[in-house]
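# Fold and geometry: a report
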Amino acid sequence: MLTKYLFQANVRHDGSYNFPKDKRWGTFPAFSVGWKISEEGFLSGVDAIETLKIRASWGKFGNDRVDPFQYLSGYTFNSGSVIGTSGAYRPRYPRYRYSKSQYYMGNGNC
C-alpha cells in the first residue's frame, strides 16, 4: 500500500544580496502527490501496462534576477554638495523583494 501513493514536500529558504536586509529572504514551499495506478488490483491482469503513474504538483519559486543593489542608489542634493548635511540618502526602490510565482504541473507516464 505504501508503494501505491506518493507524497513529497519541500521548503526552500533563500536569500539574495540584490535586496535590502529586511527583504532579503524568501520561503518557497512545494508539494507533490502521486498515484501508481499499476499497483492497483484491477490492473493486475493487464500485461500491456507494467507501470502507470499519475502525479500532480504545486510550488512557489522566487526570482532574484534583477539588477543588483538597486535599493542602494540615489542621493538628493540641496546645494550640490555630497558631503555634509546638504545631501540626503534616499533608497531608489525601498520595497524591492523577491518576485514570487506559483506553478502547477500534472502528468502521467507509463
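Residues numbered from 1 in each chain as written. Predicted model: local features only at pLDDT ≥ 70, side-chain atom pairs only at ≥ 80, totals over all residues. Heavy atoms only, no water.

Here we take up the environment of Asp-14. Here Asp-14 shows up in strand E1 (residues 5-15). Classification of Asp-14 by relative accessible area gives partly exposed; the value is 27%. The sequence separation of Asp-14 and Gly-26 amounts to twelve residues, and the corresponding C-alpha distance is 5.5 Å. A distance of 2.6 Å separates a polar atom in the side chain of Asp-14 from a polar atom in the side chain of Arg-12. (Helix = DSSP H or I, 4+ residues; strand = E, 2+ residues; numbered from the N terminus. Buried < 20%, exposed > 50% of the residue type's maximum accessible area, 1.4 Å probe, protein only. Polar contact = N/O pair within 3.5 Å; in protein donor to acceptor, adjacent residues only side chain to side chain.)

Summed over the entire model, instances satisfying the criterion amount to three salt bridges. We note a salt bridge from Arg-12 to Asp-14, for which the minimum N-O separation is 2.6 Å. When its relative accessible area of 36% is taken as the criterion, Arg-12 is described as partly exposed. Two residues, Asp-22 and Lys-23, come together in a salt bridge whose shortest N-O distance is 3.3 Å. Its relative accessible area of 61% is what places Asp-22 among the exposed residues. (Salt bridge = Lys/Arg side-chain N within 4 Å of Asp/Glu carboxyl O.)

Where nonpolar side chains cluster on the molecular surface, the patch consists of Tyr-5, Trp-35, Phe-42 and Ile-54 and spans about 440 Å² of accessible area. Within the secondary structure, Tyr-5 sits in strand E1. Here Tyr-5 falls in the partly exposed class, since its relative accessible area comes to 45%. (Patch = residues over 30% accessible without salt bridge, like charges linked within 9 Å, V, L, I, M, F, W, Y side chains within 5 Å. Areas by Shrake-Rupley, 256 points an atom, 1.4 Å probe, with all protein chains shown as cover.)

All right, on to the packing of aromatic side chains then. All told, the structure shown has one aromatic pair when counted by the stated rule. Summarising the aromatic geometry, the rings of Phe-31 and Trp-58 are spaced 5.9 Å apart at their centres and angled 15° between planes, so their arrangement reads as stacked. Of this pair, Phe-31 sits in strand E2 (residues 25-36) while Trp-58 sits in strand E3 (residues 53-63); the two residues are 27 residues apart in sequence, bridging distant segments of the chain. Taking the relative accessible area as the measure of exposure, Phe-31 reaches 39% and is therefore partly exposed. (Phe/Tyr/Trp six-rings, centres within 6.5 Å; stacked < 30°, edge-to-face > 60°.)

Moving on: the confidence of the model for the chain. Predicted confidence across the chain gives a mean pLDDT of 76, with 63% of residues reaching 70 or more. At the low end of the mean pLDDT range in the chain sits strand E5 (residues 87-89), at 49; at the high end sits E1, at 94. (pLDDT = per-residue confidence, 0-100.)

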